[in-house]
Amino acid sequence: MHILLTNDDGIYAPGLRALRQELLSLGRVSVVAPATEQSAVGHSITLLTPLIVQPVHDVDGSLLGWAVEGKPADCVKLALVELLDETPDLIVSGINAGSNVGINVLYSGTVAAAIEGAFFGITSIAVSLEYRDPVQLDFAEAARWARRLIVQLLEKYRGSGRLFNINIPSLDAGPPKGVRVVPQGIVRYREQFQRRTDPRGRVYFWSMPELVPLQTTPDTDVTALAEGYITLTPLHFDLTDYRHLETLQRDFTTPGHR
(Lines give C-alpha, C1' and ligand atoms only; values in the text may rest on other atoms or scores of the structure.)
Protein backbone atom coordinates (compact mmCIF):
# COMPACT_ATOMS: atom_id res chain seq x y z
CA MET A 1 0.00 0.00 0.00
CA HIS A 2 1.14 3.52 -0.82
CA ILE A 3 0.03 6.28 1.60
CA LEU A 4 0.32 10.04 1.13
CA LEU A 5 0.74 11.79 4.49
CA THR A 6 0.21 15.52 4.92
CA ASN A 7 -0.99 17.98 7.59
CA ASP A 8 -1.47 21.68 8.33
CA ASP A 9 0.97 21.98 11.27
CA GLY A 10 3.99 21.72 8.97
CA ILE A 11 6.36 18.98 7.94
CA TYR A 12 8.39 19.28 11.15
CA ALA A 13 5.38 18.82 13.43
CA PRO A 14 5.62 15.95 15.96
CA GLY A 15 2.11 14.76 15.12
CA LEU A 16 3.09 14.07 11.52
CA ARG A 17 6.25 12.25 12.58
CA ALA A 18 4.37 10.03 15.04
CA LEU A 19 1.67 9.14 12.52
CA ARG A 20 4.25 8.41 9.83
CA GLN A 21 5.97 5.95 12.14
CA GLU A 22 2.72 4.03 12.64
CA LEU A 23 1.66 4.15 9.00
CA LEU A 24 4.98 2.64 7.89
CA SER A 25 3.70 -0.66 9.27
CA LEU A 26 0.94 -0.53 6.62
CA GLY A 27 3.11 0.24 3.60
CA ARG A 28 5.09 2.92 1.83
CA VAL A 29 4.54 6.46 3.14
CA SER A 30 5.19 9.58 1.06
CA VAL A 31 5.16 12.89 2.94
CA VAL A 32 4.21 16.15 1.26
CA ALA A 33 3.37 18.83 3.81
CA PRO A 34 3.54 22.60 4.34
CA ALA A 35 6.94 24.06 5.13
CA THR A 36 5.40 26.09 7.99
CA GLU A 37 2.27 25.92 10.11
CA GLN A 38 -0.95 26.58 8.19
CA SER A 39 -3.58 26.13 10.88
CA ALA A 40 -7.13 27.36 10.13
CA VAL A 41 -6.41 28.22 6.50
CA GLY A 42 -9.36 26.08 5.42
CA HIS A 43 -9.42 25.03 1.78
CA SER A 44 -7.47 28.01 0.48
CA ILE A 45 -4.96 27.49 -2.33
CA THR A 46 -2.00 29.53 -3.55
CA LEU A 47 -2.49 31.48 -6.79
CA LEU A 48 -0.37 34.66 -6.64
CA THR A 49 2.99 33.33 -5.42
CA PRO A 50 5.11 30.35 -6.53
CA LEU A 51 4.87 27.03 -4.69
CA ILE A 52 8.47 26.41 -3.68
CA VAL A 53 9.19 22.76 -2.91
CA GLN A 54 12.22 21.51 -0.95
CA PRO A 55 13.24 17.97 0.06
CA VAL A 56 13.40 17.28 3.80
CA HIS A 57 15.61 14.52 5.18
CA ASP A 58 15.15 12.42 8.30
CA VAL A 59 17.73 12.14 11.09
CA ASP A 60 19.36 9.17 9.35
CA GLY A 61 19.79 11.12 6.13
CA SER A 62 17.00 9.39 4.25
CA LEU A 63 14.36 11.40 2.41
CA LEU A 64 11.46 12.17 4.75
CA GLY A 65 9.39 14.00 2.17
CA TRP A 66 8.73 17.33 0.52
CA ALA A 67 8.12 20.69 2.19
CA VAL A 68 5.83 22.99 0.23
CA GLU A 69 5.65 26.74 0.81
CA GLY A 70 1.90 26.70 0.44
CA LYS A 71 -1.36 25.49 1.94
CA PRO A 72 -2.43 21.93 2.82
CA ALA A 73 -4.64 21.71 -0.27
CA ASP A 74 -1.67 22.83 -2.38
CA CYS A 75 0.37 19.98 -0.94
CA VAL A 76 -2.15 17.34 -1.97
CA LYS A 77 -2.56 18.82 -5.45
CA LEU A 78 1.19 18.96 -6.04
CA ALA A 79 1.72 15.48 -4.63
CA LEU A 80 -0.88 13.88 -6.88
CA VAL A 81 -0.14 15.87 -10.03
CA GLU A 82 3.63 16.41 -9.90
CA LEU A 83 5.63 14.88 -7.04
CA LEU A 84 4.57 11.26 -6.59
CA ASP A 85 5.57 8.52 -9.00
CA GLU A 86 2.24 6.73 -8.56
CA THR A 87 -1.24 7.45 -7.26
CA PRO A 88 -1.48 6.61 -3.53
CA ASP A 89 -4.05 4.15 -2.22
CA LEU A 90 -4.80 6.33 0.80
CA ILE A 91 -4.34 9.92 1.93
CA VAL A 92 -4.00 10.73 5.65
CA SER A 93 -3.81 14.25 7.08
CA GLY A 94 -2.53 14.79 10.63
CA ILE A 95 -2.08 14.31 13.44
CA ASN A 96 -3.29 17.83 14.11
CA ALA A 97 -2.45 19.47 17.45
CA GLY A 98 -6.00 20.26 18.53
CA SER A 99 -9.38 18.82 17.69
CA ASN A 100 -11.27 19.53 14.50
CA VAL A 101 -14.92 19.05 15.42
CA GLY A 102 -18.12 21.03 14.96
CA ILE A 103 -17.96 24.09 12.73
CA ASN A 104 -14.17 24.10 13.10
CA VAL A 105 -14.17 21.44 10.39
CA LEU A 106 -14.91 24.28 7.94
CA TYR A 107 -11.82 26.23 9.01
CA SER A 108 -9.45 23.29 9.32
CA GLY A 109 -6.48 22.94 7.00
CA THR A 110 -6.12 19.36 8.22
CA VAL A 111 -9.61 18.45 7.02
CA ALA A 112 -9.17 20.50 3.82
CA ALA A 113 -6.18 18.39 2.82
CA ALA A 114 -8.30 15.24 3.23
CA ILE A 115 -11.12 16.82 1.24
CA GLU A 116 -8.68 17.59 -1.56
CA GLY A 117 -7.69 13.94 -1.65
CA ALA A 118 -11.33 12.90 -1.85
CA PHE A 119 -11.73 15.30 -4.82
CA PHE A 120 -9.31 13.01 -6.63
CA GLY A 121 -11.34 9.92 -5.75
CA ILE A 122 -8.88 8.63 -3.15
CA THR A 123 -10.02 7.49 0.30
CA SER A 124 -8.87 10.26 2.64
CA ILE A 125 -8.79 10.53 6.42
CA ALA A 126 -8.17 13.55 8.67
CA VAL A 127 -6.80 12.84 12.17
CA SER A 128 -6.70 15.29 15.08
CA LEU A 129 -5.83 15.08 18.78
CA GLU A 130 -7.68 17.14 21.35
CA TYR A 131 -5.48 19.69 23.08
CA ARG A 132 -5.92 20.65 26.72
CA ASP A 133 -3.34 23.18 27.83
CA PRO A 134 -0.88 22.75 29.50
CA VAL A 135 -0.79 18.95 29.11
CA GLN A 136 1.82 17.74 26.62
CA LEU A 137 0.23 15.92 23.72
CA ASP A 138 0.98 12.19 23.47
CA PHE A 139 1.21 11.94 19.70
CA ALA A 140 2.80 8.49 19.77
CA GLU A 141 -0.15 6.95 21.61
CA ALA A 142 -2.64 8.90 19.52
CA ALA A 143 -0.97 7.59 16.37
CA ARG A 144 -1.40 4.02 17.57
CA TRP A 145 -5.13 4.60 18.10
CA ALA A 146 -5.39 6.27 14.70
CA ARG A 147 -3.66 3.40 12.93
CA ARG A 148 -6.06 0.85 14.42
CA LEU A 149 -9.06 2.81 13.22
CA ILE A 150 -7.52 3.44 9.80
CA VAL A 151 -6.94 -0.30 9.35
CA GLN A 152 -10.61 -0.96 10.14
CA LEU A 153 -11.75 1.69 7.67
CA LEU A 154 -9.52 0.28 4.93
CA GLU A 155 -11.07 -3.15 5.33
CA LYS A 156 -14.36 -1.72 4.05
CA TYR A 157 -13.58 1.51 2.23
CA ARG A 158 -10.21 1.13 0.54
CA GLY A 159 -10.40 2.55 -2.98
CA SER A 160 -13.83 4.04 -2.40
CA GLY A 161 -12.84 7.71 -2.44
CA ARG A 162 -14.64 8.20 0.87
CA LEU A 163 -13.81 11.00 3.32
CA PHE A 164 -13.53 10.56 7.10
CA ASN A 165 -12.74 12.81 10.06
CA ILE A 166 -11.20 11.23 13.18
CA ASN A 167 -10.75 13.07 16.48
CA ILE A 168 -8.94 11.51 19.44
CA PRO A 169 -9.68 12.82 22.94
CA SER A 170 -6.93 14.14 25.17
CA LEU A 171 -5.07 11.14 26.60
CA ASP A 172 -3.98 12.74 29.87
CA ALA A 173 -6.94 11.15 31.68
CA GLY A 174 -6.30 7.69 30.26
CA PRO A 175 -7.24 5.81 27.09
CA PRO A 176 -10.35 6.67 25.09
CA LYS A 177 -13.62 5.09 26.20
CA GLY A 178 -14.21 3.74 22.71
CA VAL A 179 -15.19 4.89 19.24
CA ARG A 180 -18.40 6.78 18.43
CA VAL A 181 -19.64 7.26 14.87
CA VAL A 182 -21.37 10.65 15.08
CA PRO A 183 -22.37 13.57 12.86
CA GLN A 184 -20.60 16.90 12.79
CA GLY A 185 -21.96 19.37 15.32
CA ILE A 186 -23.24 22.55 13.70
CA VAL A 187 -23.86 24.72 16.76
CA ARG A 188 -22.15 28.11 16.59
CA TYR A 189 -19.42 28.83 19.13
CA ARG A 190 -19.28 31.93 21.28
CA GLU A 191 -16.59 34.05 19.66
CA GLN A 192 -14.12 35.60 22.09
CA PHE A 193 -11.41 38.17 21.43
CA GLN A 194 -8.93 39.77 23.79
CA ARG A 195 -8.58 43.50 23.21
CA ARG A 196 -5.08 44.97 23.60
CA THR A 197 -3.19 48.17 22.82
CA ASP A 198 0.27 48.20 21.27
CA PRO A 199 3.07 50.62 22.38
CA ARG A 200 1.97 53.11 19.72
CA GLY A 201 -1.58 53.24 21.06
CA ARG A 202 -3.15 51.17 18.30
CA VAL A 203 -5.90 48.71 19.24
CA TYR A 204 -5.53 45.09 18.19
CA PHE A 205 -7.26 41.82 19.04
CA TRP A 206 -6.23 38.21 19.74
CA SER A 207 -8.73 35.48 18.95
CA MET A 208 -9.14 33.39 22.10
CA PRO A 209 -8.28 29.70 21.69
CA GLU A 210 -11.05 28.23 23.85
CA LEU A 211 -14.25 27.86 21.87
CA VAL A 212 -17.44 27.41 23.89
CA PRO A 213 -20.61 26.16 22.12
CA LEU A 214 -23.62 28.42 22.57
CA GLN A 215 -25.68 25.31 23.32
CA THR A 216 -25.15 21.58 23.74
CA THR A 217 -26.38 19.23 21.04
CA PRO A 218 -26.14 15.55 22.07
CA ASP A 219 -24.68 12.81 19.91
CA THR A 220 -22.33 14.91 17.80
CA ASP A 221 -18.56 14.95 17.37
CA VAL A 222 -18.36 17.86 19.84
CA THR A 223 -20.19 16.11 22.69
CA ALA A 224 -18.76 12.62 22.10
CA LEU A 225 -15.19 13.93 22.11
CA ALA A 226 -15.87 15.84 25.34
CA GLU A 227 -17.10 12.59 26.89
CA GLY A 228 -13.79 10.88 26.12
CA TYR A 229 -14.62 8.98 22.94
CA ILE A 230 -12.75 8.84 19.65
CA THR A 231 -15.10 10.34 17.11
CA LEU A 232 -15.46 9.12 13.54
CA THR A 233 -17.48 11.25 11.15
CA PRO A 234 -18.05 10.58 7.45
CA LEU A 235 -17.92 13.82 5.48
CA HIS A 236 -18.70 14.97 1.95
CA PHE A 237 -17.88 18.12 0.07
CA ASP A 238 -21.10 18.65 -1.88
CA LEU A 239 -22.56 21.80 -0.28
CA THR A 240 -25.84 21.65 -2.18
CA ASP A 241 -28.90 21.95 0.06
CA TYR A 242 -30.95 19.20 -1.55
CA ARG A 243 -33.89 19.73 0.80
CA HIS A 244 -34.64 23.06 -0.87
CA LEU A 245 -33.28 22.41 -4.36
CA GLU A 246 -36.57 21.25 -5.88
CA THR A 247 -38.48 24.15 -4.34
CA LEU A 248 -36.02 26.67 -5.75
CA GLN A 249 -36.12 25.02 -9.16
CA ARG A 250 -39.91 25.29 -9.15
CA ASP A 251 -39.91 28.92 -7.98
CA PHE A 252 -37.09 30.32 -10.08
CA THR A 253 -36.86 28.26 -13.26
CA THR A 254 -38.30 29.98 -16.33
CA PRO A 255 -40.96 27.82 -18.05
CA GLY A 256 -39.48 26.03 -21.02
CA HIS A 257 -35.91 26.35 -19.72
CA ARG A 258 -36.00 23.89 -16.89
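Rules used in this analysis
- Residues numbered from 1 in each chain as written.
- Predicted model: local features only at pLDDT ≥ 70, side-chain atom pairs only at ≥ 80, totals over all residues.
- Heavy atoms only, no water.
- Phe/Tyr/Trp six-rings, centres within 6.5 Å; stacked < 30°, edge-to-face > 60°.
- Helix = DSSP H or I, 4+ residues; strand = E, 2+ residues; numbered from the N terminus.
- Buried < 20%, exposed > 50% of the residue type's maximum accessible area, 1.4 Å probe, protein only.
- Axes fitted to C-alpha atoms, helices over the stretch in contact; angles between N-to-C directions.
- Parallel < 35°, antiparallel > 145°, perpendicular 65-115°, else oblique.
- Left-handed = near helix turned anticlockwise from the far one by under 90°.
- Contact = heavy atoms within 4.5 Å.
- Nonpolar A, V, L, I, M, F, W, Y, C, P; charged D, E, K, R; others polar.

Trainee: Go over the packing of aromatic side chains, please, and point to the residues and values.
Mentor: For the structure on display, the rule yields two aromatic pairs. For the pair Phe-119 and Phe-237, a centre-to-centre distance of 4.5 Å together with 85° between the ring planes defines the contact as edge-to-face. With a gap of 118 residues between them, Phe-119 in helix H4 (residues 109–119) and Phe-237 in the loop between strand S13 (230–235) and helix H7 (242–252) connect regions that are remote in the sequence. Among the residues examined, Phe-119 registers a relative accessible area of 43% and is labelled partly exposed. Measuring from centroid to centroid gives 5.3 Å for Tyr-157 and Phe-164, while their planes differ by 50°, and the two rings are tilted.

Trainee: Before we move on, could you go through the packing of helix H1 (residues 14–23) against helix H5 (residues 139–157) and cite the residues and values that matter?
Mentor: Between H1 and H5, whose axes approach to 8 Å, the crossing angle comes to 45°. By the angle between their directions, the pair H1 and H5 is classed as oblique. In terms of crossing hand, the pair formed by H1 and H5 is right-handed. Facing H1, whose interface residues are Pro-14, Gly-15, Ala-18, Leu-19, Glu-22 and Leu-23, H5 presents Phe-139, Ala-140, Ala-143, Arg-144, Ala-146, Arg-147 and Ile-150. Looking at side-chain class alone, the contact of H1 with H5 contains nine nonpolar, one polar and three charged residues.

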